[in-house]
Amino acid sequence: MERVFLGLGAAFAGLAVALGAFGAHALRATLSEQDLATFETGARYQMYHALALIAVAWAVGRWPGVTSITAAGWSFVVGILVFSGSLYVLVLAGQRWLGAVTPLGGVAFLVGWLLLLWSTFRA
């Protein structure tokens, strides 16, 4: 799992940089300020949680067998896909109904952080 989370963290971080640059340069002329801010929020939270996945990879290697660490990692993955992904699609495809889905990704982020906190007491 260590390599899985390190790889996912690196991939999501690189993608966050690419999407952030895309938003700042290619989309600036076509999006409203509000949509641009929404897109940037998706990229920012993706980067934060990509770094969290790298921390999870370290924790999995340091404390093998603590399953709540693995669960935290998967919660971060789900959070990135649902939270950031819904914001990207909301802005790029104009699917405003996805705004109702975005908080579920936020809940996944919170669950991930709580599981990581819990893991510190289990290790």
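Our subject is the structure that appears above.
Cut-offs and rules
Residues numbered from 1 in each chain as written. Predicted model: local features only at pLDDT ≥ 70, side-chain atom pairs only at ≥ 80, totals over all residues. Heavy atoms only, no water. Core = buried A, V, L, I, M, F, W, Y, C linked by side-chain atoms within 4.5 Å. Buried < 20%, exposed > 50% of the residue type's maximum accessible area, 1.4 Å probe, protein only. Helix = DSSP H or I, 4+ residues; strand = E, 2+ residues; numbered from the N terminus. Contact = heavy atoms within 4.5 Å. Patch = residues over 30% accessible without salt bridge, like charges linked within 9 Å, V, L, I, M, F, W, Y side chains within 5 Å. Areas by Shrake-Rupley, 256 points an atom, 1.4 Å probe, with all protein chains shown as cover. Salt bridge = Lys/Arg side-chain N within 4 Å of Asp/Glu carboxyl O. Axes fitted to C-alpha atoms, helices over the stretch in contact; angles between N-to-C directions. Parallel < 35°, antiparallel > 145°, perpendicular 65-115°, else oblique. Left-handed = near helix turned anticlockwise from the far one by under 90°. Nonpolar A, V, L, I, M, F, W, Y, C, P; charged D, E, K, R; others polar. Expected span 1.5 Å × (residues − 1). Arc of directions from axis to C-beta.

**As for the nonpolar core**
The biggest cluster of nonpolar side chains holds 20 residues, and the ones touching the most others in it are F5, F12, L53, V56, I69 and F76. Contributing elements (two or more residues each) for this core: α1 (2–26), α2 (33–62), α3 (67–93) and α4 (102–122). Once residues within four sequence positions are removed from consideration, F76 is found in contact with H49, A52, L53, V56, F109, G112, W113 and L116. Counting ten residues, the second largest nonpolar core, distinct from the first, contains L31, F39, L90 and V91.

**Re a nonpolar patch on the surface**
Together, M1, V4 and W74 make up an exposed nonpolar region whose accessible area comes to about 270 Å². Tracing the backbone through its elements, the reader meets M1 in the segment before α1.

**Looking at the pattern of salt bridges**
Across all of its chains, the model carries two salt bridges by this definition. In this structure, R28 and E40 form a salt bridge, with 3.9 Å as the shortest nitrogen-oxygen distance. Of this pair, R28 sits in the loop between α1 and α2 while E40 sits in helix α2, placing them twelve residues apart in sequence. By relative accessible area, which is 42% here, R28 ends up partly exposed.

**A short note on the packing of α2 against α3**
For the pair α2 and α3, interaxial distance at closest approach is 9 Å and the crossing angle is 165°. What the angle tells us is that α2 and α3 run roughly antiparallel. Along this stretch, α2 crosses α3, giving a crossing that reads as left-handed. Residue composition of the contact of α2 with α3, grouped by class: 19 nonpolar, eight polar and one charged.

**Regarding α4**
Compared with an ideal rise of 1.5 Å per residue, which puts 21 residues at 30 Å, α4 spans 30 Å between its outermost C-alpha atoms and is within 8% of the ideal. Taken as a whole, α4 has its buried residues at T102, G105, G106, A108, F109, G112, L116 and S119. Take α4 and look down its axis: the buried residues cluster within an arc of 155°, on one side only. Of the residues in α4, the exposed ones pointing more than 90 degrees away from the buried face are L104, L110, L114, F121 and R122. Elements that come into contact with the buried residues of α4 comprise α2 and α3.

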